[in-house]
Amino acid sequence: MRTAFKVMIGAALALGAVPANAKANDGSSGDGAVAIEVAAAELPPGKFVWADTGSVEPVTVVISIPLQRAFVYRGEALVAASAVSTGKPGDDTPTGVFPILQKAQKHTSNIYGVAMPYMQRLTWDGIALHAGRNPGFPASHGCIRLPTAFAQKLFEVTDIGTTVVVTDGIPVGAELDPEMVRTDAARANEAQLAAIAGN
């Protein structure tokens, strides 16, 4: 699915500069969405930036398969970014707009028998966000692997029903394009959310 994100390409991003205040190498908080955007361009495998203030605005997660990145937004503002590892060829991570269907701090895959800490289920057939090996390229069986500390932080700020957009596009920018989420989210897994509400 190609998505229409607002694209903000500045000279610093084009050159791959990482501001010191973003602290991309240790996962510490940075100052502002622009610092996160710039730092995200240079994140090595297993690293992230996090500057969420914990406001009451809803969280949206965007996963870019070509960038192997997760972007976390509060409302429309970028508050965190992380390196990820999506599905390897043949076990491709599906694209689309998904609600978080289930959360478990400790979970073991019933297919592969491996631990999936901080699991956040996106589909009932095995696709989830979870902590795991993050080599910097697609290496999973379809899930989205996150650095453990990032997975824990993300787990703490999401709820059942939080929107996760998985795209084969390149979402670059300090602001989320709300039209993309509204258009797709209105159709995303409504039957699954209704089933959860009925339980």
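These lines cover the structure that appears in this document, whether it is placed above or below. (Residues numbered from 1 in each chain as written. Predicted model: local features only at pLDDT ≥ 70, side-chain atom pairs only at ≥ 80, totals over all residues. Heavy atoms only, no water.)

### Digging into the pattern of salt bridges
Basically, it comes down to this: Any carboxyl oxygen of Asp or Glu that lies within 4 Å of a side-chain nitrogen of Lys or Arg is treated as forming a salt bridge with it. For helices the rule is a DSSP run of H or I covering at least 4 residues; for strands it is a run of E covering at least 2, with both sets numbered from the N terminus onward. Partly exposed residues are those whose accessible area sits between 20% and 50% of the maximum for their type, while under 20% is buried and over 50% is exposed, using a 1.4 Å probe and protein chains only.
Applying the stated rule across the entire model yields one salt bridge. A salt bridge links aspartate 52 to arginine 74, with the shortest nitrogen-to-oxygen separation between them at 2.9 Å. With a gap of 22 residues between them, aspartate 52 in the loop between strand S1 (48-50) and strand S2 (59-64) and arginine 74 in strand S3 (residues 69-74) connect regions that are remote in the sequence. Take aspartate 52 and arginine 74: they sit in the same class, and that class is buried.

### Topic: the sheet that holds strand S4 (residues 77-83)
Heads up, the rule is: DSSP bridges decide pairing: two strands pair if at least two such bridges lie between them. To obtain each axis, a line is fitted to C-alpha atoms, and for helices this fit is confined to the stretch in contact; angles are then taken between N-to-C directions over 0 to 180 degrees. The contact rule is simple, with two residues in contact once any of their heavy atoms fall within 4.5 Å.
Read across the open sheet, the six strands follow the order S1-S4-S3-S2-S10-S5; overall the sheet is mixed. The strands lining the two open edges of the sheet, one partner per strand, are S1 and strand S5 (96-99). Neighbour-to-neighbour, the strand axes of the sheet open up by a mean angle of 20 degrees, direction not taken into account. Pairing geometry for S2 and strand S10 (residues 163-167), over five bridges, is parallel. The residue bridging threonine 60 from the neighbouring strand is threonine 163, located in S10. Sheet strands in contact with helix H3 (residues 148-157) are S1, S2, S3 and S4, and its direction is about 35 degrees off that of S1.

### Considerations on the environment of aspartate 125
Along the chain, the position of aspartate 125 falls in the loop between strand S7 (119-121) and strand S8 (128-131). Exposure remark for aspartate 125: the relative accessible area of 62% places this residue in the exposed category.

### Brief notes about a nonpolar patch on the surface
How we decide: Patch membership is restricted to residues that have no salt bridge and whose relative accessible area is over 30%. Joining uses 9 Å for like charges and 5 Å for the nonpolar side chains Val, Leu, Ile, Met, Phe, Trp and Tyr. Values of accessible area rely on a 1.4 Å probe in the Shrake-Rupley scheme; residue burial ignores everything except the protein chains shown.
The grouping of Ile111, Tyr112 and Val114 at the surface amounts to a nonpolar patch, some 300 Å² of accessible area in total. By the secondary structure assignment, isoleucine 111 is in the loop between strand S6 (102-104) and S7. Residue classification places isoleucine 111 among the exposed residues on the basis of a relative accessible area of 56%.

### Considering the layout of surface pockets
Here is the rule we go by: Using only the protein atoms, space was sampled on a 1 Å grid; points where a 1.4 Å probe fits but cannot get out form cavities, open sets with protein on both sides within 12 Å along at least five of seven lines form pockets, and lining residues are those with an atom within 4 Å of a point. Grid points are joined across faces, edges and corners, and a volume is the space filled by probe spheres set on the points.
Empty space within the largest pocket amounts to approximately 340 Å³. Surrounding the largest pocket, 19 residues form its lining, Ser109, Tyr112, Met116, Gly126 and Cys143 being those nearest its centre.

### What about the sheet that holds strand S9 (residues 144-146)?
To summarise the sheet geometry, strands pair through backbone hydrogen bonds and adopt either a parallel or an antiparallel arrangement. The four strands lie next to each other as S6-S7-S8-S9, forming an open sheet whose pairing is mixed. In this open sheet, the two edge strands, each paired with only one partner strand, are S6 and S9. The mean inter-strand angle of the sheet, taken between neighbouring strand axes irrespective of direction, is 15 degrees. Where S8 and S9 come together, three bridges link them in parallel fashion. When the sheet's bridge partners are listed, histidine 130 is paired in S9 with arginine 145.

### Examining the pairing of S5
Across the two faces of S5 the burial is the same, with Gly96 and Phe98 and Val97 and Pro99 all buried. Relative to S10, S5 is paired through four bridges, and the arrangement is antiparallel. Bridge pairing links phenylalanine 98 to valine 164 in S10.

### With respect to the pairing of S4
Buried residues dominate S4, accounting for six of its seven residues. As paired elements, S1 and S4 share three bridges and run antiparallel to each other. By the bridge assignment for S4, tryptophan 50 is matched with alanine 80. One ladder, built from six bridges, connects S3 with S4; its direction is antiparallel. Opposite valine 72, over in S4, you have alanine 80 as the bridge partner. Connecting S3 to the next strand, S4, in antiparallel fashion are two residues, including glycine 75 with a positive phi near 65 degrees.

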